[in-house]
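A structural walkthrough
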Amino acid sequence: MRQVGLIAGAAAAALVAAGAITYAVAGDDGGSVTPSAESADAGFARDMAVHHQQAVEMSYIVRDRTKDEEVRRLAYDIAQTQANQRGMMLGWLDLWGLPKVSSEPPMTWMDMGGMASGKDGALMPGMAANSEMKKLGELSGKQAEIFYLQLMTDHHRGGVHMAQGCVDRCTVGVEKRLAQGMVDAQRSEISLMAGMLKERGAAPRP
């Protein structure tokens, strides 16, 4: 319980800092260079906005399927953090004058456009399939908690992979910092969720 609170506090602090830089679109040198539609900066913003949206949906589903306060608190923290970050990334695309959708497959900016088949809605690494989202909405209590923690662990693993890709490839300083924050926070949450699964006699999926 205390660890969830600590992560929530860190997430809140990150959101305050993030809010202060939401409208920064240039590099740290204060220049006026805007990323191209094919850039890693734009690709990450588009793809991670979609990735985050599913995490938000998943988190709100489980909040209605369990009364466990630890899981509900974690789900709320994840939903609020990722909804805020999603808004920032879509805002950057608006400010850059770039489209929020692309004709290229997801992950093309990481040279991995063919990695995810998109079958059953799993468009990017770690994303749950439509059938898994449906199943989550049908479970309740401990079963819902376990399935959510397993799905979100997979989701975070994919998110860390994508965020690290931006850290390595993006050129806009503020976006690289946001991506690094995602890597750090989601790795911490992966560790937290492993402990929560263990408490429930379960483990992350291979």
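See above for the structure.
The notes below deal with the structure included here. In this text, all values refer to a predicted model and were calculated from it rather than measured experimentally.

A separate point is the packing of helix α2 (residues 40-63) against helix α4 (residues 130-138). The geometry of α2 relative to α4 is characterised by a closest axis approach of 9 Å and an angle of 20 degrees between their N-to-C directions. Taken together, the axes of α2 and α4 are roughly parallel relative to one another. For the pair α2 and α4, the contacting residues are Gln-54, Glu-57, Met-58 and Ile-61 in the first and Met-133, Leu-136 and Gly-137 in the second. A class-by-class count of the residues in the contact of α2 with α4 yields four nonpolar, two polar and one charged.

We now examine the state of the cysteines. Throughout this description, disulfide means a covalent bond between two cysteine sulfur atoms. Counted according to the given criterion, the structure contains one disulfide. The disulfide partner of Cys-166 is Cys-170, and the gap between their sulfur atoms is 2.2 Å. Taking the torsion about the sulfur-sulfur bond, which here is approximately -120 degrees, the covalent link between Cys-166 and Cys-170 counts as left-handed. Grouping residues by exposure puts Cys-166 and Cys-170 together as buried.

This part is about the pattern of salt bridges. One pass over the structure, following the stated rule, counts ten salt bridges. Asp-94 is paired through a salt bridge with Lys-100; the nearest N and O atoms lie 2.4 Å apart. Linking Glu-132 and Arg-205 is a salt bridge whose minimum nitrogen-to-oxygen distance equals 3.0 Å. Of the two residues, Glu-132 is situated in helix α4 and Arg-205 in the segment after α6 (173-199); the sequence distance between them amounts to 73 residues. In this structure Glu-132 comes out as buried when scored by relative accessible area, which is 18%. Its relative accessible area of 24% is what places Arg-205 among the partly exposed residues. Here the salt bridges do not stand alone but share partners, grouping Asp-68, Glu-70, Glu-145, Glu-199 and Arg-200 into one network.

Calculation rules
- Residues numbered from 1 in each chain as written.
- Predicted model: local features only at pLDDT ≥ 70, side-chain atom pairs only at ≥ 80, totals over all residues.
- Heavy atoms only, no water.
- Axes fitted to C-alpha atoms, helices over the stretch in contact; angles between N-to-C directions.
- Helix = DSSP H or I, 4+ residues; strand = E, 2+ residues; numbered from the N terminus.
- Parallel < 35°, antiparallel > 145°, perpendicular 65-115°, else oblique.
- Contact = heavy atoms within 4.5 Å.
- Nonpolar A, V, L, I, M, F, W, Y, C, P; charged D, E, K, R; others polar.
- Disulfide = S-S within 2.5 Å.
- Buried < 20%, exposed > 50% of the residue type's maximum accessible area, 1.4 Å probe, protein only.
- Salt bridge = Lys/Arg side-chain N within 4 Å of Asp/Glu carboxyl O.

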